[in-house]
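Given next are the chains, with one letter for each unit.
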Amino acid sequence: MPLYNRRPEPGLTAAKHLPPAAMPLSELLARVRQTLSERFADSYWVVAEIADLTLPRSYGAHCYLTLTDQHTTGRGAQLKAQARATIWSQRYQQLAAAFEEHTGLTLRTGLKIMLRVQVKFHEQFGLSLDVLALDPTYTVGDLAKQRLETLRKLQAQDLLERQKRLTLPLGVQRVAVISSPTAAGWQDFVQQLREAPYDFALTLFPATMQGDDSPASIRAALDAIRARRPEFDAVVLIRGGGSKTDLLAFDDYGLAAAVGSFPLPVLTGIGHERDEAVVDLAAHLALKTPTAVAAFLIERLARLEAALEGYGGRIRELAQARVQQEAAQLSRLLRHAHLAAQTQLQDHRNTLHQRIRMAAAAPRAQLRHQEQQLTRRRHQLHRAARKALRQQEQRLRQRGRALAGRFRRLHRRRCERLLSQQHGLQLAAVRLLHRRALHLAPLETGPAAGTVRLLTPKGQPFVGPLRPGQEVLLRLPDTVVPARIGGQLPLFLP
């Protein structure tokens, strides 16, 4: 029994008892090759995208491609077809040269092309396509279509004119440069600026300027510059020459949008002479080469310097003319001021003389008036003084009489008191003398003596007999009184 049940093939009579006849794989594939050769004997124009590419590495080698076709159905499903293709060496030399001449591009991965192929099948290598011809007009049209779509999107978002509305500084000297550090265009740019008589501050932001990674690398450099934008006047994006394929990165929508929306003016110097890249259209100003950008910056500073020198000369001329005008005007004003000052001085002098005369007359009249008032005041003062003097004399006489009466009373009382004291002293002296004369007791002279003591004129205690006319001192309790010895009584000296 067979290992599996199989439906009978159309047109064949099923064998009821015999197993199906088997054929070798080579025979089956030979039949497939023959069928394909008969069915697809002609060549066909197809549109495909290059998914993989192996270029010939030496003369006489072949070019191998992997072609794909992807599109989306109405239901959103992705359909994909893939086939191997070969461009034989002699035909490759012709087709590649003609394709590059018409499009400016070389065959590369990701490029969409129209090619004429013939279906081939080999028992060992399977299905493949032999490339017989390439249509460069289709590729050019496809690139143009993509470019036009990119420009429409940028125009809709106002990214083609936004950069051009920015104001480029008159003197651009602080420059942020996006380039490959090993590129010849960067070296030429730097060399030309160094030879200029102006000082440029260049800051390089390295980026990949070729290949599929170029747009992302340049956008990263723009982001780095955006974070430091107060440090720069403008951004310069430069790259040396290259094929149109190498410059396709500058048609990228994301890169063009980043340039168009950048807050600083962006100058491009991409080394190509034919069509402008989309980045050139979105930039503030597009120049052909890096050296052209350097020349533009130098020329702009030269024009600014020339304009400033012209303005300076014009300012000097205007200033000198203005100084001359002002000097002449000042001279006229000085003459007018001198005349006016003389006139005004004469007027003031006349006015002063009038005022002096008026001032001299007024004081004399006032002086006479004051003299009259002083005379009246003097008479009034004499009368008042005499009146006051009489009043004072009357008061003095009254006070004199009062003082004289009081003095007489006080003098009388004093005399009476003195007479009383003199009488008491005389009695005490008589007793003392009497006691001394009778030698009843010695005269006490110490501190414990009585209230009256007898001393010599020098203040020593008296010793010896008393003689008439002898001067002594009587020491009373509160004073010392000089006296002279008389007949019976001591005589007090004045």
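The shown structure was predicted, so the numbers you read here are calculated from the model rather than taken from an experiment. Residue numbers here run from 1 along each chain, matching the order of that chain's written sequence. Side-chain atom pairs in this predicted model are given and counted only at pLDDT of 80 or more, local residue features only at pLDDT of at least 70, and totals for whole chains, interfaces and linings cover all residues. With hydrogens and water excluded, all non-hydrogen atoms of the structure serve as input to the side-chain values.

For Phe, Tyr and Trp, where Trp contributes only its six-membered ring, two rings pair if their centres lie within 6.5 Å, and the inter-plane angle classes them as stacked under 30 degrees, edge-to-face over 60, or tilted in between. Counted according to the given criterion, the structure contains two aromatic pairs. Whether a charge sits over a ring comes down to the Lys NZ or Arg CZ being within 6 Å of the ring centre and within 35 degrees of the ring normal. When the ring centre of Tyr-253 is taken as reference, the NZ or CZ atom of Lys-153 above it lies at 4.0 Å.

What follows concerns a positive patch on the surface. The grouping of Arg-406, Arg-408, Arg-409, Arg-412, Arg-413, Arg-414 and Arg-417 at the surface amounts to a positive patch. Only DSSP runs of H or I reaching four residues or more are called helices, and only runs of E reaching two or more are called strands; each is numbered from the N terminus. Residue position: Arg-417 is located in helix H8 (residues 290–438). Patches in this entry comprise residues that are over 30% relatively accessible and not in a salt bridge; like charges within 9 Å are linked, as are nonpolar side chains (Val, Leu, Ile, Met, Phe, Trp, Tyr) within 5 Å. The protein chains shown are the only cover counted for residues, whose accessible areas, like all others here, come from Shrake-Rupley with a 1.4 Å probe. Throughout this description, the term salt bridge denotes a Lys or Arg side-chain nitrogen within 4 Å of a carboxyl oxygen of Asp or Glu. Charge assignment: positive for Lys and Arg, negative for Asp and Glu; neither His nor the chain ends contribute. To locate a charge, the coordinates of NZ of Lys, CZ of Arg, CG of Asp or CD of Glu are taken.

Turning next to the packing of helix H5 (residues 214–226) against helix H6 (residues 253–260). All axes here are fitted lines through C-alpha atoms, helices being fitted over the stretch that makes contact, and every angle between N-to-C directions spans 0 to 180 degrees. Where H5 contacts H6, the two axes come as close as 9 Å, and the packing angle between them is 20 degrees. With respect to H6, the axis of H5 lies roughly parallel. Crossing handedness for the pair H5 and H6: left-handed. Within the contact between the two elements, H5 uses Pro-215, Ile-218, Arg-219 and Leu-222 and H6 uses Gly-254, Leu-255, Ala-258 and Val-259. What sets the label is the angle itself: under 35 degrees gives roughly parallel, over 145 gives roughly antiparallel, 65 to 115 gives roughly perpendicular, and the rest give oblique. In this scheme, a crossing is called left-handed if the near helix is turned counterclockwise away from the far one by less than a right angle; it is called right-handed if the turn is clockwise. For this analysis, residues touch if any pair of their heavy atoms sits within 4.5 Å.

The rule for pairing is simple: two strands pair if DSSP sees at least two bridges between them. Summarising the sheet, strand S6 (residues 174–179) and strand S7 (residues 201–206) pair through six bridges and their orientation is parallel. Bridge assignment links Ala-176 to a residue of S7, and that residue is Thr-203. Looking down the strands as they point away from you, a crossover is right-handed if its path from the first strand over the helix to the second goes clockwise. The parallel pair S6 and S7 is bridged by helix H4 (residues 184–194), and the resulting crossover is right-handed.

Confidence per residue, as judged by the predictor, is encoded in pLDDT with a range of 0 to 100. Per-residue confidence for the chain averages 80 on the pLDDT scale, and 84% of its residues sit at or above 70. This model gives residues 1–6 a pLDDT under 50, and the stretch forms one contact once residues within four places in sequence are excluded. Of the regions scoring below 50 in pLDDT, residues 440–450 engages in 13 contacts with residues more than four places distant in sequence or in other chains.

Here Asp-233 lies in the loop between H5 and strand S8 (234–239). Residue Asp-233 is classed as buried on the basis of its relative accessible area of 13%. A distance of 3.3 Å separates a polar side-chain atom of Asp-233 from the backbone nitrogen of Gln-173. In contact with Asp-233, not counting residues within four places along its chain, are Pro-169, Gly-171, Val-172, Gln-173, Arg-174, Leu-264 and Pro-265. When a residue's accessible area, from a 1.4 Å probe over protein chains only, is under 20% of the maximum for its type it is buried; when over 50% it is exposed; and in between it is partly exposed. Whenever two N or O atoms come within 3.5 Å, that pair is a polar contact, provided that in protein one can donate a hydrogen and the other can accept it, and provided that, for residues adjacent in sequence, both atoms are side-chain atoms.

Moving on, we get to the sheet that holds S7. One open sheet holds the five strands; their spatial order is S7-S6-S8-S9-S10, and the pairing between them is parallel. Every interior strand has two partners, whereas the edge strands, S7 and strand S10 (285–287), have only one. Each strand axis lies, on average, 20 degrees off the axis of its neighbour in the sheet, ignoring direction. Relative to strand S9 (residues 266–270), S8 runs parallel, the two being bridged by five bridges. Across the sheet, residue Ile-238 finds its bridge partner in S9, namely Gly-269.

What follows covers the side chain of Arg-239. Relative to the helices and strands, Arg-239 resides in strand S8. Arg-239 sits in the buried class, given a relative accessible area of 8%. A polar side-chain atom of Arg-239 sits 2.8 Å from the main-chain carbonyl oxygen of Met-209.

Scanning all chains against the criterion turns up eight salt bridges. Here Glu-317 and Arg-314 are joined by a salt bridge, their closest N and O atoms 3.4 Å apart. Highlighted residues: Glu-317 and Arg-314, both in helix H8, separated by three residues, approximately one helical turn. In this structure, Glu-326 engages Arg-322 in a salt bridge whose closest nitrogen and oxygen atoms are separated by 2.9 Å.

Residues grouped as a nonpolar core are buried Ala, Val, Leu, Ile, Met, Phe, Trp, Tyr and Cys residues, joined through side-chain atoms within 4.5 Å. Core analysis: the biggest nonpolar cluster contains 31 residues, and Ile-178, Ile-218, Ile-225, Val-235 and Phe-250 have the highest contact counts within it. Residue assignment for this core shows that the elements contributing at least two residues are helix H3 (136–156), S6, H5, S8, H6, S9 and helix H7 (278–282). Those residues within four positions of Phe-250 in sequence are excluded, and the remaining contacts are Met-209, Ile-218, Leu-237, Arg-239, Leu-255, Ile-270, Ala-277, Val-278 and Val-279. Counting 22 residues, the second largest nonpolar core, distinct from the first, contains Phe-189, Leu-193, Leu-297 and Leu-301.

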